[in-house]
Amino acid sequence: KFQAFKDLENHKLLLKVYPVAAGASLLKQGIRFKPRECPTTGNFGKAIRLSDTLEGAIHVANATKKNLKYLLVFCRVALGKVFEMETKIQNIMRPPIPFHSVMQRGKATPMFDGEILKESGISMPTVKMEKCLEGKEDYNTYFVYDHSQVLQKYMCVIQIDDQE
């Protein structure tokens, strides 16, 4: 299904964190939305939320329990034209036309000037972070509204340890 978005501009390697128990489902079905019968929560409707940093992916997943194992999934995401939110907009259920995805800028954002994987058309940020004063959240969050825009590439197990 990703083939439909393969030629869309602006592909990035983004991250998502899941509990280890979700591994079998991810391998079988890939990243999916919540089922239709689940209520829509939050300001962004039924979107797949991804991040461009590990810290952001952990934050998005609310993976705050220390010493537990999680799955870190690297995804090729066809973002296309991105609608960057300047302020927190209530109830944005889809990106406005002509956009393909939504981005909520964080207070710290990775630099994409040292992109990796250029030959395959995917950009991945360097480890350098820059301050972004207009960011409303701690980390950048990307929202895509069609699961076919997301292609799982790699999956690994991580453990979040206490930082003390």
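Preceding block: the structure.
Note that this is a predicted model, so its numbers are computed, not measured.

What counts and what doesn't
Residues numbered from 1 in each chain as written. Predicted model: local features only at pLDDT ≥ 70, side-chain atom pairs only at ≥ 80, totals over all residues. Heavy atoms only, no water. Helix = DSSP H or I, 4+ residues; strand = E, 2+ residues; numbered from the N terminus. Buried < 20%, exposed > 50% of the residue type's maximum accessible area, 1.4 Å probe, protein only. Contact = heavy atoms within 4.5 Å. Phe/Tyr/Trp six-rings, centres within 6.5 Å; stacked < 30°, edge-to-face > 60°. Lys NZ or Arg CZ within 6 Å of the ring centre and 35° of its normal. Core = buried A, V, L, I, M, F, W, Y, C linked by side-chain atoms within 4.5 Å. Pairing = 2+ DSSP bridges. Axes fitted to C-alpha atoms, helices over the stretch in contact; angles between N-to-C directions. Salt bridge = Lys/Arg side-chain N within 4 Å of Asp/Glu carboxyl O.

Asker: Would you take a moment to explain unusual backbone geometry for this structure?
Answerer: Leaving glycine out, the prevailing phi sign among residues is negative, and the prevailing peptide bond configuration is trans. Residue Pro98 is reached from Ile97 by a cis peptide bond, and omega for that bond is 15°. The phi angle at Asn10 is positive, at roughly 65°, despite the residue not being glycine. By the secondary structure assignment, Asn10 is in the segment before β1 (11-19). Using a relative accessible area of 29% as the deciding quantity, one classes Asn10 as partly exposed.

Asker: Quick question: what am I supposed to make of the environment of Leu79 here?
Answerer: Its place among the elements puts Leu79 in the loop between β3 (69-78) and β4 (82-85). C-alpha separation for the pair Leu79 and Asn10, spaced 69 residues apart in sequence, amounts to 5.6 Å. If we ignore the near neighbours within four places in the chain, the residues touching Leu79 are Leu8, Glu9, Asn10, Lys12, Leu14, His100, Ser101, Tyr142, Val144 and Gln149.

Asker: Looking at this structure, I do not really get the packing of aromatic side chains. What am I missing?
Answerer: The description of an aromatic ring pair rests on the distance of the ring centres and on the angle between the ring planes. Evaluation of the coordinates by the stated rule reveals 2 aromatic pairs. Ring centres 6.4 Å apart and planes at 75° place the aromatic pair Phe74 and Tyr154 in the edge-to-face group. Taken together, the positions of Phe74 in strand β3 and Tyr154 in strand β10 (residues 150-159) put the pair 80 residues apart, joining distant regions of the chain. Directly above the aromatic system of Phe99 lies the positively charged group of Lys81, at a separation of 5.3 Å from the ring centroid.

Asker: When you look at the nonpolar core in this model, what are you seeing that I'm missing?
Answerer: If you look at soluble globular proteins, the nonpolar side chains tend to sit buried side by side. Among the nonpolar cores identified, the biggest contains 16 residues, and Ile31, Leu50, Cys75, Val77, Leu79, Val144 and Val150 are the most heavily contacted of them. The element contributing the most residues to this core is β3, with 4 residues.

Asker: So what exactly am I meant to see when it comes to the sheet that holds strand β2 (residues 48-50) here?
Answerer: In sheet architecture, strand pairing relies on hydrogen bonds along the backbone and comes in two forms, parallel and antiparallel. Strand order in the open sheet formed by 4 strands is β2-β9-β5-β4, with mixed pairing between adjacent strands. Strands at the two margins of the open sheet, each flanked by one partner only, are β2 and β4. Looking at each pair of strands side by side, their axes are set apart by 25° on average, direction ignored. Relative to strand β9 (residues 141-144), strand β5 (residues 101-104) runs antiparallel, the two sharing 4 bridges.

Asker: Even after reading the chapter, I still don't get the pattern of salt bridges, so can you show me in this structure?
Answerer: Close approach of charged atoms allows side chains of opposite charge to pair. Scanning the entire structure with this criterion turns up 2 salt bridges. Here Arg105 and Glu84 are joined by a salt bridge, their closest N and O atoms 2.8 Å apart. Placement of the pair is Arg105 in the loop between β5 and β6 (108-110) and Glu84 in strand β4, with a sequence separation of 21 residues. Accessibility expressed as a relative area gives 18% for Arg105, which makes it buried. A relative accessible area of 35% means that Glu84 is categorised as partly exposed. Salt-bridge contacts for Asp138 lead to Lys107; the nearest nitrogen and oxygen are separated by 3.9 Å. Note that Asp138 is positioned in the loop between β8 (129-131) and β9 and Lys107 in the loop between β5 and β6, a separation of 31 residues in sequence. Among the residues examined, Lys107 registers a relative accessible area of 42% and is labelled partly exposed.

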